[in-house]
Each structure stands twice: as C-alpha cells, then as structure tokens.
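Coordinate inspection notes
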Amino acid sequence: MNSAPNDAPSPPGSPAGLTTAEAIRRREQFGRNELVAEKKKSALFVLLGYFASPLVLILLIVSVISLFVGESTNAIIIAVIVVISVVLDYVQERRSGRAVEKLRASISLRATVVRDGVPAQVDAGELVPGDLIRLAVGDLVPADARLHKAKDLFLDQAAFTGESFPVEKTVVPEGSPDITKATVYLGTTVTGGEGEAIISKTGANTEFAHLARSLTAKPPPTEFERGINGFSGFITKVVLGLVAVVFVINILVHRNAIESLLFALALAVGLTPELLPMIVSVTMARGALRLSRKQVIVRRLSSIVDLGSMDIFCTDKTGTLTEGAITLERHVDLAGNPNERVFFLALLNATLQSGLRNPLDEAILRHDHAELPRYSKIEELPFDFMRRRLSVVVRDETGCRSIITKGAPESVLAVSTSFESNGTVLAFDAAARAVFETTFTGLGREGYRVLGIAVRELPPETGDVFSNEDERDLVFVGFAAFLDPPRASAAATLKSLRHDGVEVKVLTGDNEIVTAKICEQVNLPVSGIITGAELEKVTDEALPRVAERNTIFARVSPDQKRRIIEALQSGGHGVGYLGDGINDAPSLRMADCGLSVDGAVDVAREAADLVLLNKSLHVVHNGIREGRRTFGNIMKYVLMGTSSNFGNMFSMAGAAFLLPFLPMLPSQILLNNLLYEMAQITIPGDMVDREYLQSPKKWNVKLIQGYMLWMGLLSSAFDFFTFGLLLYVFRADAALFRTGWFIESLATQTLVILVIRTQHAPWRSRPARGLVISSVSCVLIGVLIPFSPFAGWLGFTAPPVSLLAAIAGILVTYLGLAEVVKRWVRHRIGDSGEVKNS
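Residues numbered from 1 in each chain as written. Predicted model: local features only at pLDDT ≥ 70, side-chain atom pairs only at ≥ 80, totals over all residues. Heavy atoms only, no water.

**Examining the overall build of the protein**
Scanning the protein from terminus to terminus reveals 29 helices and 23 strands. Counting every position in the protein, which comprises 838 residues, the buried fraction comes to 54%. The long-range fraction of contacts in the protein, counting pairs at least 24 apart against all pairs at least 6 apart in sequence, stands at 74%. Working note: accessible area of the protein is about 35,400 Å², and carbon and sulfur atoms make up 59% of it. (Helix = DSSP H or I, 4+ residues; strand = E, 2+ residues; numbered from the N terminus. Buried < 20%, exposed > 50% of the residue type's maximum accessible area, 1.4 Å probe, protein only. Contact = heavy atoms within 4.5 Å. Areas by Shrake-Rupley, 256 points an atom, 1.4 Å probe, with all protein chains shown as cover.)

**Description of the pattern of salt bridges**
Where side chains of opposite charge bring their charged atoms close, a pairing between them can arise. In the structure shown here, the tally under the stated rule is 29 salt bridges. Residues Asp 686 and Lys 636 are paired through a salt bridge, measuring 2.6 Å at the closest nitrogen-oxygen approach. Of this pair, Asp 686 sits in the loop between α23 (666-680) and α24 (701-729) while Lys 636 is found in helix α22 (residues 617-658), placing the two residues 50 residues apart along the sequence. A salt bridge links Glu 819 to Arg 823; its shortest N-O distance comes to 2.6 Å. Taken together, the residues Glu 819 and Arg 823, both in helix α29 (residues 801-829) and four residues apart, mark about one turn of the helix. Overall, Glu 819 belongs to the buried group, its relative accessible area being 8%. Looking at Arg 823, the relative accessible area reads 42%, which means it is partly exposed. Residues joined by salt bridges that share partners form a network here, namely Arg 27, Arg 32, Glu 34, Asp 123 and Glu 126. (Salt bridge = Lys/Arg side-chain N within 4 Å of Asp/Glu carboxyl O.)

**Focus: helix α25 (residues 734-751)**
Relative to the 26 Å expected for 18 residues at 1.5 Å per residue, α25 spans 26 Å between its end C-alpha atoms, a close match to the ideal helical length. Here α25 lies mainly inside the structure; 16 of its 18 residues are buried. (Expected span 1.5 Å × (residues − 1).)

**Structural notes on a nonpolar patch on the surface**
Together, Ile 76, Val 80, Phe 790 and Trp 793 make up an exposed nonpolar region whose accessible area comes to about 410 Å². Checked against the element boundaries, Phe 790 lands in the loop between α27 (769-784) and α28 (791-794). (Patch = residues over 30% accessible without salt bridge, like charges linked within 9 Å, V, L, I, M, F, W, Y side chains within 5 Å.)

**Thoughts on the packing of aromatic side chains**
Counted by the stated rule, this structure contains 15 aromatic pairs. Pairing Phe 436 with Phe 440 gives two aromatic rings, centres 5.9 Å apart and planes at 55°, and the pair type is tilted. Separated by four residues within a single helix, Phe 436 and Phe 440 lie in helix α14 (residues 430-445), roughly one turn from each other. You can call Phe 436 buried: its relative accessible area is 1%. Grouped by ring-pair contacts, the aromatic residues Phe 419, Phe 428, Phe 436, Phe 440, Phe 476 and Phe 479 constitute a single cluster. For the cation-ring pair, Lys 697 lies above Tyr 692, with the distance from its terminal atom to the ring centre recorded as 4.2 Å. (Phe/Tyr/Trp six-rings, centres within 6.5 Å; stacked < 30°, edge-to-face > 60°. Lys NZ or Arg CZ within 6 Å of the ring centre and 35° of its normal.)

**Quick notes on the packing of α25 against α27**
The contact between α25 and α27 brings their axes to 9 Å, and the two run at 175°. By the angle class used here, α25 and α27 are roughly antiparallel. Residue-level inspection shows Phe 742, Ile 743, Leu 746, Ala 747, Thr 750 and Leu 751 of α25 in contact with α27, the latter providing Ser 775, Val 776, Cys 778, Val 779, Gly 782 and Val 783. Across the contact of α25 with α27, the residue classes break down as nine nonpolar, three polar and no charged. (Axes fitted to C-alpha atoms, helices over the stretch in contact; angles between N-to-C directions. Parallel < 35°, antiparallel > 145°, perpendicular 65-115°, else oblique. Nonpolar A, V, L, I, M, F, W, Y, C, P; charged D, E, K, R; others polar.)

**Side note on the packing of α24 against α25**
Interhelical geometry of α24 versus α25 gives an angle of 150° and a closest axis separation of 10 Å. Put simply, α24 runs roughly antiparallel to α25. Where α24 crosses over α25, the two elements pack in a sense that is right-handed. Contact with α24, carried on its side by Phe 718, Asp 719, Thr 722, Phe 723, Leu 726 and Leu 727, involves Leu 736, Phe 737, Gly 740, Trp 741 and Glu 744 of α25 and no other residues of that element. For the contact of α24 with α25, the per-class residue count stands at seven nonpolar, two polar and two charged. (Left-handed = near helix turned anticlockwise from the far one by under 90°.)

**A closer look at the nonpolar core**
Counting 115 residues, the largest nonpolar core has Phe 313, Leu 321 and Leu 595 as its most contacted members. Element by element, the count of residues in this core is highest for α22, at 14 residues. Ranked by size, the runner-up nonpolar core spans 24 residues in total, among them Val 342, Leu 348, Ile 364 and Phe 482. (Core = buried A, V, L, I, M, F, W, Y, C linked by side-chain atoms within 4.5 Å.)

**Brief notes about the pairing of strand β21 (residues 575-578)**
Alternating residues of β21 divide into Val 575 and Tyr 577 and Gly 576 and Leu 578, and every residue in both groups is buried. Examined bridge by bridge, strand β9 (residues 312-315) and β21 share four bridges and lie parallel to one another. Bridged to Phe 313 within β21 is Gly 576. As judged from the three bridges shared by β21 and strand β22 (residues 593-597), these two strands associate in the parallel manner. Paired with Leu 578 across the strands is Leu 595, a residue of β22. (Pairing = 2+ DSSP bridges.)

**Here's the deal with the sheet that holds β9**
As summarised here, the arrangement of the eight strands in space is β8-β23-β22-β21-β9-β18-β20-β19, forming an open sheet in which the pairing is mixed. At either margin of the open sheet sits one strand with a lone partner, and together these are β8 (296-298) and β19 (529-531). Ignoring strand direction, the axes of neighbouring strands in this sheet form an average angle of 20°.

**Side note on the environment of Arg 341**
Following the sequence through the fold, Arg 341 ends up in helix α11 (residues 340-352). Separated by 10 residues in sequence, Arg 341 and His 331 have C-alpha atoms that sit 8.5 Å apart. Discounting residues that sit within four places of it in the chain, Arg 341 has contacts with Glu 420, Val 455, Glu 457 and Val 477.

**Let's talk about α14**
In a regular helix each residue adds 1.5 Å, so 16 residues correspond to 22 Å; α14 covers 22 Å between its end C-alpha atoms and thus fits that length. Of the residues making up α14, those classed as buried are Ala 432, Phe 436, Thr 439, Phe 440, Thr 441, Leu 443 and Gly 444. The secondary structure elements touched by the buried residues of α14 are β10 (327-332), α13 (409-414), β14 (416-421), β16 (449-458), β17 (474-483) and α16 (512-521). Between a side-chain oxygen at the N-terminus of α14 and the backbone nitrogen of Ala 431 the separation is 3.2 Å; the capping residue is Asp 429. Downstream of α14 by a residue or two, Gly 447 has a phi angle that is positive, lying close to 90°. (Polar contact = N/O pair within 3.5 Å; in protein donor to acceptor, adjacent residues only side chain to side chain.)

**Considering the confidence of the model for the protein**
Residues of the protein with pLDDT of at least 70 account for 80%, and the chain-wide mean is 81. Long-range and interchain partners of residues 212-220, a stretch whose pLDDT sits below 50, account for six contacts in this model, where long-range means more than four residues apart. (pLDDT = per-residue confidence, 0-100.)

Written out as structure tokens, the structure reads:
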C-alpha cells in the first residue's frame, strides 16, 4: 500500500470536509483505505500465472525435452495443448471472478463523508486522511478519526480493546491529555448517539491494523476446502507413485529412457484431476450468480457449500417466523387495564433516546399520538445486554426532573420498588408481584412482545451526572404490548426445511412464552425450551446435549448465542445463523454459515458470509438448496475423475508391462485429456436430482474411495478387454492399437458422467443440454480425428468400421455395468459414508 508511515503527522482536515480534487490527491498519496492493499493484476499477468502451475510446468518440460531429442512434432502438439488448456481455465475463472466481484461490490461497506460541503455515501475504501465523516448508530467506524462533534455517542470497542460495554466518546479541547476520549478507531461500532469526525489514519496505518495484523491473514480453510485439499493431495500421491512404477517397468523391459520418461510425465498430467480447482471455482461462482437471482448475495464463495451442508439453522423469530411489521397494540397497567400514562412515558423515552432504535421503538413512534409537551433530555443511560433496559433523564417545562426506564419487564421489575394503580403509588409486595406475573404471562400467551415501563421523580438537589446506579427505586407504571403477526408463508417453509433435513432453532432475547406462542402459530415443533438464566448453570461439557435437545432459547445474551452455536458445532452439526443486529456479530462469525440482511447494521453485514436481500425463511431455503446443488455438481467431477483416472492408470500400468510398444503416445494422452476436460467444463451448469437436495451434504471420503476402487476397476477391465480385441481380433499394429484405445478410452471416461451424475437410472434424470452437447461433441471429435488430415501427424490411423462398431458395443456394455456398480456402491456406502456389511 502506498501510504505514509504510522508516525507521520495527520494531515489537516476541515469541519466543512475536503474537496473532491483534494480527496483524489490524498488517495494517490496515502492509497486506498484498506488493511491490505489489493493490487490489481493485469490480465496478461494473471494469464501468465496459470503457466506457473506445477502440472503445466511438467508439460512444458516434456515439450522442451521432446524438442531436444528430435521429437519436434510431439513438442509442438504438447505446447499447443498446454496453451489451449490454460486459456480455457483462464477464460472460465476470469469470467466467473468478474461476476462475483460485481455482486460483492453491491454490498460493500459504505460511509457517509462530506465532500465539497455535501454529505454523500461512498465506498469506505475511498476515504482519505482529512475526510469529514458522519457517524450514526449501527455504523462501523471506517478509519481512525478525531471527533469534532458528538451527541450521546457510544461505541462498542470490544473488537479493538476487549471492553465488554459501550464507551462514551466526547469532543475534547485541542492539546487535551485525554485525547482518546475524542478518538474513534477503525473496527469499532457505533451503538448510540451520533457524531462527526475528521479522519487521521486510514488502512494499514490505523491502530487496528497496527495491533492486529493477523486479522488480514487468509482465513483458515473450511471443512469443504480441507476436504478438497486432502483429496487432491491423496490422489496426486497415488498417481505419482503408480506413474513411477510405470516408468520403472518401461525401463526394465528395455524401452527408450527418454520416451519412457515422456510417457510417464504425460500419464501423470493426464491422470491427475488438475481441472478440480477450476471446476470448484466456476461451480461456486455460478452458484453465487444463481443465488443473486434468488435474493442472496455471496460474500465468501465457499460459504455456498457450507450453506448446503447446514443441518441446524438458528434465527431470531422477528422477520423470519413473523412479518417483522411490529405494531403497538396495547398499553396497560400492572393489572392489565388500559393506561394512557404507560404510552406517554414509553413515547417520551423512545423520542428522546439517541441510541439504536429497535423495531419496538419504531412501533411506539408510529403509534397515533398528540404532540408531546416540551421536554429536554439531561442524560441517557444506553441499553446494554446485561441490564436489558434503557433510561432517559428528562426535565419538563417547570424544571421538574425524572428518570424514565423501559426494557425487558423482568429487568425493569428488578429495579422497581413500587407500582402505580389508579394514580396511587403502592409498594410492591408478594401479591403485586403475582399480579405482575399474571399480566405479563397472559400477554405473552396471546403472542404479544412486552416492554416494562417505570419512572422515578428526581429531587431538585440531584446533580447533572447520572449512572446506571440511578436506575433504582422506580415506580412500575405498566406494560407496552406489541404484536408481530406470524408470516403467512412461514409454516409451509418450515415444513419444507424439515423435509430437507434442516432443524430450525430460535435464539431470541424475547421471553419464552411469546416465543412459544409464535412457534405454535407457525407449526414449528418445540422439543424443549431453555432460558438464558438456565443456560448460565449449564457446563460447557453438558451444553452440546442441551443445545441439541431444545428448540427455543429465550432471553439469551449475545455471548450465550455464540456458546450455543459452538456447542452444536462440537456435536458434528453444520450450523447456520441469521442475524442483523450489533449483538449478532459474534454469532455470525462463529457459525459455519453466517447470514445477514441488506438492511442490517454494518457490523452484522461485514461479519456475514451471505447477505439476504429479503429477510425470509423462503429465501434461506432457496439458498440451502442452491448450496446443495453446487456441492452436487462439484462431487460429480470428483467421482467421475476418480473412477476414470484410476481405471486408466491401472490400464496404462498393465499395458506398459505387456505390450512391446507404448499403448499411447505422450501427445495422444494429452489430446485425450484435453478433449475430456472440454467435456467437463459444462458440469457446473448441470441439474441435480430433486432427492439429492433433500438432505445436508458433506464431504464423503468413503463414497469417493468406493467409486475410485470399484468404478476404476470396471473401467480398467473394459480397457483390457479392448486390448485383447485389438491385438487378437483386429491384429492391430502400434498405430491402430493406439487409435482404437484412444477412441474407447475417451468415449468411456467422458460419457460415464451421464451415469455418475445421478443417483437414478440415467434415463430417469435429465441432464443439462450443455452437458450432453459437450460430452457427445468431444467423443465425436475423438472419433473423427483419425480420419482427419492431422491423423498421421498425431500418430493415428483410420480405423475400420468394424472396429468402431465393436467399440460402440463395448461402450454400451460398459455404461450398463457402470450403472449396476454405481447402485451397488451407493447402496453399500450411502451418502452418509457409513459402510454397510449387507
């Protein structure tokens, strides 16, 4: 990054903001506002990078060796095949990469900056030192900056300092020793109030970047990525080992050493699944594009597969099980009688607070009301997840002061010593507390979300400094009851999720009675209910069992949500979590697949792997099915590659030992491999069986090994049958033998995808048109090459029609037996990977 050192003085800014021209000049001087600068590589540089692949380098070495030993034809053919293969990979990945970047840009972090005296929303990466930014509740602070305006500004600095509670930030005079009070840092979150600040440091020069360089490191691989890497390493070791055996055999039977080396190297390239990274990237990119059409934006590509492997989905009920359109329906006193004073105090609190307004606050403000008398706010005690309440200290027109508190009813009750009844203040006794429970529980059973409202008049001698300790001796006034009707589509979608193997658990800060009522209304089966207070008593060792056993987790804190997710993961579950608030960020990071919504606060969107443009269970369900489809198409290539490649390897090893000549020339192996690769490029666009989408999908190594062994042996058996046919029936010389096996090998390993791609019989599951066209076309090209003017140059000869007919018969028989073996392997092992003895 082209930026100033950390100890450089901060460039001056202006309370009116920078001009656009000055901002551009500073961006050139300091670079983009990124922790690690992303250097854009030219298309040529990226293309050349593909030639650095170990497999491509082996091919180039083979070509150079061929040229030096006089095999110029082989050298040219190999070089041409390398170029075509690299260009194919480059075009596919480049096209997919551009599409995914467009999707990511649509949800990039934005910041409000004043440029040319006008506030505007810009990409946070465009900010420069000296820029004037505006901060509001829910914003992620986009850079280090110094405040020059602040109103009840509170920041969550947990990601930066580890502090559990929000910290108040204020403007301090220039030269003040307590400058940190006026400094806001990159990576912190605005939880209350508003402010304006002038940026002092951006990108790699920020304190966050200085203290947490490790945050910019590449994240650890997911379970799927580890599986891909492990499989690639395993198959490469086996291939190289067997290729070494083939080379030694060729030397022992006194073949030319250079020719044997070229044959072994070409075999290594032809039999290694080098197309796997491209297939994975393109399949995921296509999955991301399809998800975008279903209102899901992918921020981390591999999360598509994680979404498909999810078997437990954790969510709050608001906006998923319910409509998310909350309205204030009732305001009642302790006994449940209508009470206008309850609404008046709730409205005053919601109007004067400057913290994060939640949907309940918005519902209070939308409720019909007359113009409020003139009140001024003296102080605010912001909401936090330990107290679960918010208070404002106000002064009316006569100068009388009072503290008004609203929050979770049980938390408001905890700081109340009396209650109002028909204008009279009475002490809370056992009978009054019983009435409280009756009214509170009754409202919950009717499906209402409830806030408690309390007040305390303050004596004139009270000072102007207040703290949470002033929330005491309150007079409980009553309840504000809100209704959020269940989504009409929720019951059907929940049923579909259960059918597809996904269990929904509700993690909410609301009480258990309201939550249970909503679950009943949407037909969500509840296996158990546990509260945050009860969870506190559960040990980490017992928590996985408790988490699996219960459906509703009520009145839980952000840290408890994170613990629940971690416990479920330790039990082997793939866990998804949907959240849109500041308190959801830890859970979003912990989950295997974190989902947020487009209207979420910045910190939640940045922590999420996927962003929903519509907060709906139906959208989540669509995403899960798309994730499974993406995984299924990747597995098609893996299963096809293992069966075909290993079958060919066994055949090559045997042929190299039995024949007096190489069974196929190096250039023919590479041409065969190129045509095979071209046929597989369309796999990412294939359709997937409906049944395949009905259960979570994870990496099944035993199924892969089963295909590798049994389908590979079947493929090899037919190769050896072809060898016998060529040698003893058609009396083939070296050229005809190579031609015949080239066609048979290409046809069987290419068209077997039509068998492997489905759990059913091929004729019962229609493949995508593109896959059929590419597979059949590549086989036809392979059949026609020996009849082309290039046949002699490539070492082929025109085969007799009778041989082509025999190969067609071998192909049909092979595909029929491949279907039998496929069903046997799937029955014996299954999608779970558990081997059955019967």
